[in-house]
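Geometric and topological summary
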Amino acid sequence: MAVSLTTVMPIVAQTTIQGLEKQAVEIICKMTLEEKISQMMNTTPGIERLGIEPYDYWNEGLHGVGRNGRATVFPEPIGLGATFDTELINQIGDVISTESRAKYIVARKNKNYARYTGLTFWSPNINIFRDPRWGRGMETYGEDPFLTGSLGAAFVKGMQGNDPVYLKVAACGKHFAVHSGPESTRHSANIDPSKRDLWETYLPAFRMLVQDANVEIIMGAYNRVYGESCSGSKFLLTDVLRNQWGFKGHIVSDCDAVDDIYKGHGIVKNAAEASALAIKNGLNIECGHSLYALKEAVEKNLITEAELDKALIPLMMTRLKLGILQKDDNCPYNNYSESDIC
């Protein structure tokens, strides 16, 4: 029996990474300088004329969706590390991302754009837990670099899904790097590890997340390493992360770490200089508000608008890969409901 042409389903163009990159550039080109800067801090306003809704990048999910109401709660990561079970950790990541998507869909139906309702998760914490004075050791998988990298990569794969283009959620390896000392010194300390300790202890887990799990986000730490702020370090963010390891996602500062560049570490004199330094050295987005000073930095020729455009591309790509920057019917993760929670 012949099939009527009117019954044939329309062909939907297949989304590619290259296509999303082109879309990211086109969107950025339509933004004003002020709009570009507004998208480089964790709480971003909408840009209605471009079809962009408000969005907050700050979400937590170390052992379940955090700070967003009812959700399945798993053991703390230090307990999960004791399982030595990558398959289990992968399944936990998958459950967390399913509930995250469901919560996101419900929130957007209610026009809720508040913090902790998004899909960019600042988890897992893959720092090496060596010092009991560090108050966040329970967030980590322990003291072993290989175990930490293996479990962290499994968690990231479970969180981000297995679609070749789209992300179920965007996971984040934190805090890059050599961050696990006393809390009281984290905003001013300079860490000077031996090169062997750096490469054999503190960096392997991050490399595994980047190269084995294609983690979408890396968070810079508060402290300095070899004199550079980790949230504005050319050595860590550009030389190692981008150039040596081939990281393609976006880099976020720890919260108010750009402030630390001039307040805590005294590397530069003010917010404009700190903002320009951080972006030029590889940062894409700040948790905080110091990057508002980028307008002053552009006016003072500390940084160019073209450099801001370059920094915005990975940031816009993350939201495009999540299918949330603009309406995207091709994203395969838009069919969860409240019944998927718990």
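About the cut-offs
- Residues numbered from 1 in each chain as written.
- Predicted model: local features only at pLDDT ≥ 70, side-chain atom pairs only at ≥ 80, totals over all residues.
- Heavy atoms only, no water.
- Phe/Tyr/Trp six-rings, centres within 6.5 Å; stacked < 30°, edge-to-face > 60°.
- Helix = DSSP H or I, 4+ residues; strand = E, 2+ residues; numbered from the N terminus.
- Buried < 20%, exposed > 50% of the residue type's maximum accessible area, 1.4 Å probe, protein only.
- Lys NZ or Arg CZ within 6 Å of the ring centre and 35° of its normal.
- Axes fitted to C-alpha atoms, helices over the stretch in contact; angles between N-to-C directions.
- Parallel < 35°, antiparallel > 145°, perpendicular 65-115°, else oblique.
- Left-handed = near helix turned anticlockwise from the far one by under 90°.
- Contact = heavy atoms within 4.5 Å.
- Salt bridge = Lys/Arg side-chain N within 4 Å of Asp/Glu carboxyl O.
- Pairing = 2+ DSSP bridges.
- Polar contact = N/O pair within 3.5 Å; in protein donor to acceptor, adjacent residues only side chain to side chain.
- Core = buried A, V, L, I, M, F, W, Y, C linked by side-chain atoms within 4.5 Å.
- 1 Å grid on protein atoms, 1.4 Å probe; cavity = no way out; pocket = protein on both sides within 12 Å on 5 of 7 lines; lining within 4 Å.
- Points joined across faces, edges and corners; volume = space filled by probe spheres on them.
- Nonpolar A, V, L, I, M, F, W, Y, C, P; charged D, E, K, R; others polar.

Inspection of the entire model under this criterion finds seven aromatic pairs. Seen from their ring centres, Phe 176 and Trp 245 are 5.9 Å apart, and the 55 degrees between their planes marks the pair as tilted. Taken as a pair, Phe 176 in strand 3 (residues 172-176) and Trp 245 in the loop between helix 8 (234-244) and strand 8 (250-253) lie far apart in primary sequence, 69 residues in all. Residue class for Phe 176 comes out buried when judged on its relative accessible area of 0%. Taken together, the ring pairs in this structure connect Trp 58, Tyr 116 and Trp 122 into an aromatic cluster. Above the plane of the ring of Tyr 226 lies Lys 195, whose end atom (NZ or CZ) is 5.4 Å from the centre.

What follows concerns the packing of helix 1 (residues 17-29) against helix 12 (residues 305-321). One way to put it is that helix 1 packs onto helix 12 with a least axis distance of 9 Å and a crossing angle of 125 degrees. With respect to helix 12, the axis of helix 1 lies oblique. In terms of crossing hand, the pair formed by helix 1 and helix 12 is right-handed. The segment helix 1 lies against helix 12, with Ile 17, Leu 20, Glu 21, Gln 23, Ala 24, Val 25, Ile 27 and Ile 28 engaging Asp 309, Leu 312, Ile 313, Met 316, Met 317, Leu 320 and Lys 321.

Enumeration according to the criterion identifies 19 salt bridges in this entry. Between Arg 133 and Asp 131 there is a salt bridge, with the nearest N and O atoms lying 2.8 Å from each other. Arg 133 gets classed as exposed once you look at its relative accessible area, which sits at 60%. Two residues, Lys 300 and Glu 296, come together in a salt bridge whose shortest N-O distance is 2.6 Å. On the basis of relative accessibility, which here comes to 32%, the residue Glu 296 falls in the partly exposed class. Each of Lys 36, Glu 305 and Asp 309 takes part in a single network of salt bridges with overlapping partners.

Pairing is mixed in the open sheet, where three strands are placed in the order 4-6-7. Each edge of the sheet is formed by a strand with only one pairing partner; in this case those strands are strand 4 (190-191) and strand 7 (228-229). Relative to strand 6 (residues 224-225), strand 4 is paired through two bridges, and the arrangement is parallel. Its bridge partner lying in strand 6, Ile 191 is registered against Val 225.

Most of helix 10 (residues 271-280) is tucked away: seven of the ten residues are buried. Buried within helix 10 are the following residues: Ala 271, Ala 272, Ala 274, Ser 275, Ala 276, Ala 278 and Ile 279. The inward-facing, buried residues of helix 10 abut helix 9 (257-262), helix 11 (294-299) and helix 12. The backbone nitrogen of Ala 272 has a side-chain oxygen 3.3 Å away, supplied by the residue at the start of helix 10, namely Asn 270. Gly 282 sits one or two positions beyond helix 10 and adopts a positive phi of about 130 degrees.

Next up on the list: the nonpolar core. Soluble globular proteins tend to bury their nonpolar side chains together. Among the nonpolar cores identified, the biggest contains 104 residues, and Trp 122, Phe 176, Ile 279, Leu 294, Leu 308 and Met 316 are the most heavily contacted of them. Setting aside anything within four residues of it in sequence, one finds Phe 176 in contact with Leu 203, Phe 206, Ile 218, Met 219, Gly 220, Ala 221, Cys 230, Leu 236, Leu 237, Val 240, Leu 241 and Trp 245.

The tally for this structure, following the rule as stated, stands at one cavity of 30 Å³ or more. Looking at the largest cavity, its volume works out to about 40 Å³. In terms of lining, the largest cavity is formed by Glu 53, Pro 54, Tyr 55, Tyr 104, Arg 108, Arg 319 and Ile 324.

Bringing the environment of Ile 37 into the picture now. Following the sequence through the fold, Ile 37 ends up in helix 2 (residues 33-38). Between the C-alpha atom of Ile 37 and that of Leu 291, which follows or precedes it by 254 residues, the distance is 7.1 Å. If we ignore the near neighbours within four places in the chain, the residues touching Ile 37 are Leu 291, Tyr 292, Leu 294, Lys 295 and Leu 308.

As for its placement among the helices and strands, Asp 259 is situated in helix 9. Once residues lying within four places of it in the same chain are set aside, the contact partners of Asp 259 are Gly 264 and Ser 290.

Further remarks concern the packing of helix 5 (residues 145-160) against helix 7 (residues 204-213). For any two helices packed against each other, one specifies the inter-axial angle together with the distance between the axes. Relative to each other, helix 5 and helix 7 sit at 35 degrees, their axes nearing to 8 Å. Along this stretch, helix 5 crosses helix 7, giving a crossing that reads as right-handed. Between helix 5 and helix 7, the contacting residues are Pro 145, Phe 146, Thr 148, Gly 149, Ser 150, Gly 152, Ala 153, Val 156, Lys 157 and Gln 160 on the first element and Pro 204, Ala 205, Met 208, Leu 209, Asp 212 and Ala 213 on the second. Broken down by class, the residue content of the contact of helix 5 with helix 7 amounts to nine nonpolar, five polar and two charged.

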